[in-house]
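# Notes for the structure review
One-letter residues, chain by chain:
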Amino acid sequence: LAKPTRHRMRRVILVTLTLTSMIYLFVSICGYLYTGCYTCGNVLLNFSQDDSLITVARTALSLVLMLNFPLICQPCRNALFRLLTGSGCVKVCAAASPAAEGENGQENGSGSFSMEIVTTDGEARAAPRD
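Note that this is a predicted model, so its numbers are computed, not measured.

## Description of the overall build of the protein
Scanning the protein from N- to C-terminus turns up two helices and three strands. When each of the 130 residues of the protein is scored for burial, the buried share is 15%. Counted over contacts in the protein with a minimum sequence separation of 6, partners at least 24 positions apart contribute 27%. For the protein, the accessible surface area stands at approximately 10,500 Å², while carbon and sulfur atoms represent 66% of it.

Structure below.
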């Protein structure tokens, strides 16, 4: 959006969700009408293995599922980091180089963190880097 306002963003979200829901509803109804009560949970399993168009659909579905995995893992990693730093189990280190990492151990643009693991004896150890 050139000028994103709250009203325009709501409208875009509403149109997107409505359109997506209609497409899913259309595909699900067509899948049920095709095989009736014998419809599999995955509509693509109702078709022959030899059908080239369905093979393309299966490939596209596989790509979508594989490429969504990192998008699911990153928020979980960030939430775990915030949970650990808030509990005192992990102490955030000062950044070795502000260009390489965020200030005061915060996340930088690449999603990496600098931290130390605090043991029960109060000794801090550097966390392994990935």
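## So, the side chain of Asn46
On the secondary structure map, Asn46 appears in the loop between α1 (6-35) and α2 (52-87). At a separation of 3.1 Å, a polar atom in the side chain of Asn46 contacts the main-chain amide nitrogen of Cys40. Setting aside its immediate chain neighbours within four residues, Asn46 contacts Tyr34, Thr35, Tyr38, Thr39 and Cys40.

## Describing α1
Relative to the 44 Å expected for 30 residues at 1.5 Å per residue, α1 spans 44 Å between its end C-alpha atoms, a close match to the ideal helical length. Following α1 by one or two positions, Gly36 has its phi on the positive side, about 65 degrees.

## Looking at the environment of Arg8
Locating Arg8 in the fold gives a position in helix α1. Leave out the neighbours within four places in its chain, and Arg8 touches Leu1 and Lys3.

## A short note on the confidence of the model for the protein
The predicted model of the protein has a mean per-residue pLDDT of 77, with 67% of residues at 70 or higher. The secondary-structure element of the protein with the lowest mean pLDDT is strand β3 (residues 124-126), recorded at 54, while α1 shows the highest, at 92. Here residues 100-105 is modelled with pLDDT under 50, and outside its nearest four sequence neighbours on either side it reaches 19 contacts, counting other chains as well.

## Points about the packing of aromatic side chains
For the structure on display, the rule yields one aromatic pair. Between the aromatic rings of Tyr34 and Phe47, the centroid separation amounts to 4.9 Å while the plane-to-plane angle is 25 degrees, which identifies the pairing as stacked. With a gap of 13 residues between them, Tyr34 in helix α1 and Phe47 in the loop between α1 and α2 connect regions that are remote in the sequence.

Rules behind the numbers
- Residues numbered from 1 in each chain as written.
- Predicted model: local features only at pLDDT ≥ 70, side-chain atom pairs only at ≥ 80, totals over all residues.
- Heavy atoms only, no water.
- Helix = DSSP H or I, 4+ residues; strand = E, 2+ residues; numbered from the N terminus.
- Buried < 20%, exposed > 50% of the residue type's maximum accessible area, 1.4 Å probe, protein only.
- Contact = heavy atoms within 4.5 Å.
- Areas by Shrake-Rupley, 256 points an atom, 1.4 Å probe, with all protein chains shown as cover.
- Polar contact = N/O pair within 3.5 Å; in protein donor to acceptor, adjacent residues only side chain to side chain.
- Expected span 1.5 Å × (residues − 1).
- pLDDT = per-residue confidence, 0-100.
- Phe/Tyr/Trp six-rings, centres within 6.5 Å; stacked < 30°, edge-to-face > 60°.

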